[in-house]
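Residue-level listing of the chains:
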Amino acid sequence: MVVLAIACACGSSDTDTEASRSPVADSSVGDATAESSVSATTDAPSTTSAPPTTDAPPTTAIDEGALAWSTIDIVDTTRATDEVRGPEGDVLLAASPTRTFPTEILYPGLDGGGEGAAVATASADRPLVVWLNGLGGRATPGDPLLLSLYEAGYIVAAPNVREIAAPVSSGGGHVHQPGDVSAVIDAHTAPDDGVFDDLAPIIDTDRIGAAGHSIGGSGAYGVAFHDCCRDDRISAAAVFAPPRIDLEGGEFRFSGLPLLIVHGTADQIIGLDQSEAVHAEADDALLVSV
């Protein structure tokens, strides 16, 4: 059982760091469990009027509410955080017996939406997508890609995996991403999390997706297709310029879920051949080369 504590930070995260050419993160190893115990540690957030990096909130015809966003800290008490040191030996991330990671959430809100707005509970049966940034990236509620997902009808949750996101940006943190994604799903589907009590009832738990860019795409691969950490609540995956990074505890089995792979033909960091190999193995995949 994953035990989570959720604290609202009530604001936007840091500005995106351009380290992997677009906003997305990595994956982590951890048990994928459907049960959770979630508690709140702060009061409800306040409301503002517009996303921090856009001129005006987008609107969507299928949504009874308006764009709302919140930044929360998800605390997973079942997994530890390892110390990460920089090239000069300085501590970039302190060790901890638990894992805490800030998560950006975009959802339909009441009263015109905005930061920390109450959930528009009439917006029922919305799919949830968990988005992972690339190495050195950092999700913000004004990210154009996240806003596009929201406009398409999704509730969007973008955890900033501590080892992957700026300022730590440690490539070895990919092993933690699948577990962080599962913890995010636990938090968003629990009806008594104390911060978004009305969010769980409007999520369609039969339509949960994992998506990611660069090393974040590798994390989406892990939580959707790897023996070590596959979360059976995920029903589809989409990855952008993803490396295929092996994880301990089994192997990849690219079957059972629809998979979208998008990759640039001129990518000189992560070769298109990696995506072509996954596409050849998968039983239900579409490869879009750009």
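As the structure is a computational prediction, the values presented were derived from the model and not from experiment.

1. Quick word on the packing of helix H2 (residues 177-189) against helix H3 (residues 215-225)
Between H2 and H3, whose axes approach to 8 Å, the crossing angle comes to 70 degrees. If you check the angle between H2 and H3, you find them roughly perpendicular. Crossing angle aside, the handedness with which H2 passes H3 is right-handed. Within the contact between the two elements, H2 uses Gln-177, Pro-178, Val-181 and Ser-182 and H3 uses Ile-215, Gly-216, Gly-219, Gly-222 and Val-223.

2. Side note on the packing of aromatic side chains
By convention here, two paired aromatic rings are described through the distance between centres and the angle between planes. Under the definition given, this model contains five aromatic pairs. Each ring, one from Tyr-221 and one from Phe-254, has its centre 5.2 Å from the other, and the planes form 75 degrees; the classification is edge-to-face. Here Tyr-221, found in helix H3, pairs with Phe-254, found in the loop between strand E11 (236-240) and strand E12 (259-263); they are 33 residues apart in sequence, far enough to count as distant. Exposure remark for Tyr-221: the relative accessible area of 1% places this residue in the buried category. Ring geometry for Phe-225 against Phe-254: centres 5.2 Å apart, planes inclined by 45 degrees, an arrangement best described as tilted. Remark: Phe-254 occurs in the loop between E11 and E12 and Phe-225 occurs in helix H3; sequence separation between them is 29 residues. An aromatic cluster of at least three residues, connected via ring pairs, comprises Tyr-221, Phe-225, Phe-252 and Phe-254.

3. Quick notes on the state of the cysteines
Taken as a whole and assessed by the stated rule, the structure comprises one disulfide. Disulfide partner of Cys-228: Cys-229, at an S-S distance of 2.3 Å. A relative accessible area of 18% means that Cys-228 is categorised as buried.

4. A word on the pattern of salt bridges
The full count for this structure, using the stated rule, is ten salt bridges. For Asp-186, the salt bridge goes to Arg-233, with nearest N and O atoms at 2.7 Å. Taken together, the residues span a long stretch of sequence, with Asp-186 in helix H2 and Arg-233 in the loop between H3 and E11 at a distance of 47 residues. Of the two residues examined, Asp-186 and Arg-233, each falls in the buried class. The residue Arg-253 makes a salt bridge to Asp-227 at a minimum N-O spacing of 2.8 Å. Separated by 26 residues along the polypeptide, Arg-253 in the loop between E11 and E12 and Asp-227 in the loop between H3 and E11 bring together distant segments of the chain.

5. Observations regarding a nonpolar patch on the surface
Nonpolar side chains collect at one region of the surface, where Leu-286, Val-288 and Val-290 lie side by side and expose about 270 Å² of accessible area between them. The topology assignment puts Val-288 in strand E13 (residues 285-289). In this structure Val-288 comes out as partly exposed when scored by relative accessible area, which is 31%.

6. Topic: H2
Taking 1.5 Å of rise per residue, the 13 residues of H2 would be expected to cover 18 Å, and the 18 Å separating its terminal C-alpha atoms lies within 8% of that figure. Most of H2 sits inside the fold, with twelve of its 13 residues counted as buried. Residues of H2 that are buried include every one of Gln-177, Pro-178, Gly-179, Asp-180, Val-181, Ser-182, Ala-183, Val-184, Ile-185, Asp-186, Ala-187 and His-188, and no others.

So, how was this worked out
Counting restarts for each chain, with residues numbered from 1 along the sequence as it is written. At least 70 in pLDDT is required for a residue's local features to be given in this predicted model, at least 80 for side-chain atom pairs to be given and counted, and no such filter applies to totals for whole chains, interfaces and linings, which use all residues. Excluding hydrogens and water, the side-chain figures rest on all heavy atoms present in the structure. Think of each axis as a best-fit line through the C-alpha atoms, taken over the contacting stretch in the case of a helix, with angles from 0 to 180 degrees between the N-to-C directions. Going along the chain from the N terminus, every DSSP run of H or I of four or more residues is numbered as a helix, and every run of E of two or more is numbered as a strand. In what follows, roughly perpendicular refers to angles from 65 to 115 degrees, roughly parallel to angles under 35, roughly antiparallel to angles over 145, and oblique to any angle outside these ranges. Left-handed is the label given to a crossing in which the near helix is rotated counterclockwise from the far helix by less than a right angle, and right-handed is the label when the rotation is clockwise. For this analysis, residues touch if any pair of their heavy atoms sits within 4.5 Å. Two rings from Phe, Tyr or Trp (for Trp, the six-membered ring) form a pair when their centres sit within 6.5 Å of each other. Planes less than 30 degrees apart are called stacked, planes more than 60 degrees apart edge-to-face, and all others tilted. Three labels apply to residues, based on accessible area from a 1.4 Å probe with only protein chains included: buried if under 20% of the type maximum, exposed if over 50%, partly exposed otherwise in between. Cysteine sulfur atoms are paired as a disulfide whenever they fall within 2.5 Å. We define a salt bridge as a contact between a side-chain nitrogen of Lys or Arg and a carboxyl oxygen of Asp or Glu at a distance within 4 Å. Each patch is built from residues lacking any salt bridge and having more than 30% relative accessible area; the joining distance is 9 Å for like charges and 5 Å for nonpolar side chains (Val, Leu, Ile, Met, Phe, Trp, Tyr). Where accessible areas are quoted, they stem from the Shrake-Rupley method and a 1.4 Å probe; at the residue level, only the protein chains shown are allowed to cover. By definition here, a helix of n residues has an expected span of 1.5 Å times n minus one.

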